[in-house]
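# Architecture and fold: a report
One letter stands for each residue in the lines below.
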Amino acid sequence: MERTADRVLAAALPLFVAHGYAGASLEQVRREAGVSNGSLYHHFPRRADLAARLLLDGMRQCQEAVLAVVASDRSAEDVVRTVVTEQLRWVEEHPDLARWIYSDLPDEVLLAAEPSLSEDARRYAVGVGDWLDRQKGLVEGSFGVRHALWLGPATDFARHWLRGRSRQRPTEAAAALADGAWRALRRKP
């Protein structure tokens, strides 16, 4: 049997995506989920708590997929390419959740996601950063620059696709974007 919190989350995501954070009320979510006021407020006392949970769930899915690939025993090139491909596959398979985590969320949502959001980001940055530091054949520099070279173009492409600005699906663009990421990160002789 589906848990109440899961039903609420499943009902909330399309409402938030369609109407934005400000345009989706907890009453709409409650009706769509088919739960009582008590059940809704027991799990999510505020709209920000519900929105934050969706953000955390989506971010964790993305981060865990990347961390699993960098923890594997693969060549640097295979890891770089696989991470890009997997991120784009995830976006295509979870477009509403991707729209949500890529959206410009209000401060109250980000604050409701703390401290988990910062802890997860730190864990991700340490895991990926340590992997990047161990790779002798990749460009040197800050985590932020190397991460942007790696996933920035794929993320930008995904955002365009999610907004309907590209007919080419993310998985169709994955090989070219993975190739570009490898060329950007590979240290030139």
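Throughout what follows, the structure given in this document is the object of discussion. What you are looking at is a predicted structure, and each value in this text was computed from that prediction instead of being measured.

Moving on: the packing of aromatic side chains. A full pass over the atoms with the stated rule returns 3 aromatic pairs. Plain terms: the ring middles of F16 and Y21 are 5.8 Å apart, the flat faces sit at 35° to each other, and that makes the pair tilted. Since its relative accessible area comes to 1%, F16 is described here as buried. Ring centres of F16 and W100 lie 5.0 Å apart, and the angle between their planes is 15°; this geometry places the pair in the stacked category. Linking F16 in helix α1 (residues 4-23) with W100 in helix α6 (residues 95-102), this pair joins segments that are 84 residues apart in sequence. Per residue, the accessibility class of F16 equals that of W100, and both read buried. Grouping aromatic residues by their ring pairs yields a cluster made of F16, Y21 and W100. Sitting over the ring of Y21, R47 keeps its end group 4.4 Å from the ring centre. Across the ring face of Y102, the terminal group of R159 is positioned such that the distance to the ring centre comes to 4.9 Å.

For the rest of this paragraph, the subject is the nonpolar core. Grouped burial of nonpolar side chains is what soluble globular proteins tend to show. If you look at the biggest cluster of nonpolar residues, it comprises 65 residues, and the most contacted ones within it are F16, L50, V84, W100, W131 and W150. Per-element tally for this core: the top contributor is helix α4 (residues 47-70), with 12 residues. Contacts of W150, omitting those with residues within four sequence positions, involve V70, V79, V80, V83, V84, V128, W131, L132, A181 and L185.

Our next topic: the pattern of salt bridges. Evaluated as defined, the whole model comprises 18 salt bridges. With a closest N to O distance of 3.4 Å, E27 and R31 form a salt bridge. Highlighted residues: E27 and R31, both in helix α2 (residues 26-33), separated by 4 residues, approximately one helical turn. Salt-bridge contacts for E86 lead to R89; the nearest nitrogen and oxygen are separated by 2.7 Å. In this pair, E86 and R89 both sit in helix α5 (residues 76-93), 3 residues apart, roughly one turn of the helix. Since its relative accessible area comes to 26%, E86 is described here as partly exposed.

Another aspect to go through is the packing of α4 against α5. Look at α4 against α5: their axes get within 9 Å of each other, and the N-to-C directions meet at 155°. With respect to their mutual orientation, α4 and α5 come out roughly antiparallel. In this structure, α4 meets α5 at a crossing whose hand is right-handed. The residues of α5 that touch α4, namely those facing G58, Q61, C62, A65, V66, V69 and V70, are V79, T82, V83, Q87 and W90. For the contact of α4 with α5, the residue count by class is 8 nonpolar, 4 polar and no charged.

It is worth spelling out unusual backbone geometry at this point. A cis amide bond, omega 0°, links E114 with the succeeding residue P115. As for its placement among the helices and strands, P115 is situated in the loop between α7 (107-113) and α8 (116-134).

Turning our attention to α2. For α2, the complete set of buried residues consists of L26, V29, R30 and A33. End-on view of α2: buried residues confined to an arc of 100°, all on one side of the axis. Looking at α2, the residues exposed on the side facing more than 90 degrees away from the buried face are R31 and E32. Buried residues along α2 sit in contact with α1, α3 (37-43) and α4.

Procedures and definitions
- Residues numbered from 1 in each chain as written.
- Predicted model: local features only at pLDDT ≥ 70, side-chain atom pairs only at ≥ 80, totals over all residues.
- Heavy atoms only, no water.
- Phe/Tyr/Trp six-rings, centres within 6.5 Å; stacked < 30°, edge-to-face > 60°.
- Buried < 20%, exposed > 50% of the residue type's maximum accessible area, 1.4 Å probe, protein only.
- Helix = DSSP H or I, 4+ residues; strand = E, 2+ residues; numbered from the N terminus.
- Lys NZ or Arg CZ within 6 Å of the ring centre and 35° of its normal.
- Core = buried A, V, L, I, M, F, W, Y, C linked by side-chain atoms within 4.5 Å.
- Contact = heavy atoms within 4.5 Å.
- Salt bridge = Lys/Arg side-chain N within 4 Å of Asp/Glu carboxyl O.
- Axes fitted to C-alpha atoms, helices over the stretch in contact; angles between N-to-C directions.
- Parallel < 35°, antiparallel > 145°, perpendicular 65-115°, else oblique.
- Left-handed = near helix turned anticlockwise from the far one by under 90°.
- Nonpolar A, V, L, I, M, F, W, Y, C, P; charged D, E, K, R; others polar.
- Arc of directions from axis to C-beta.

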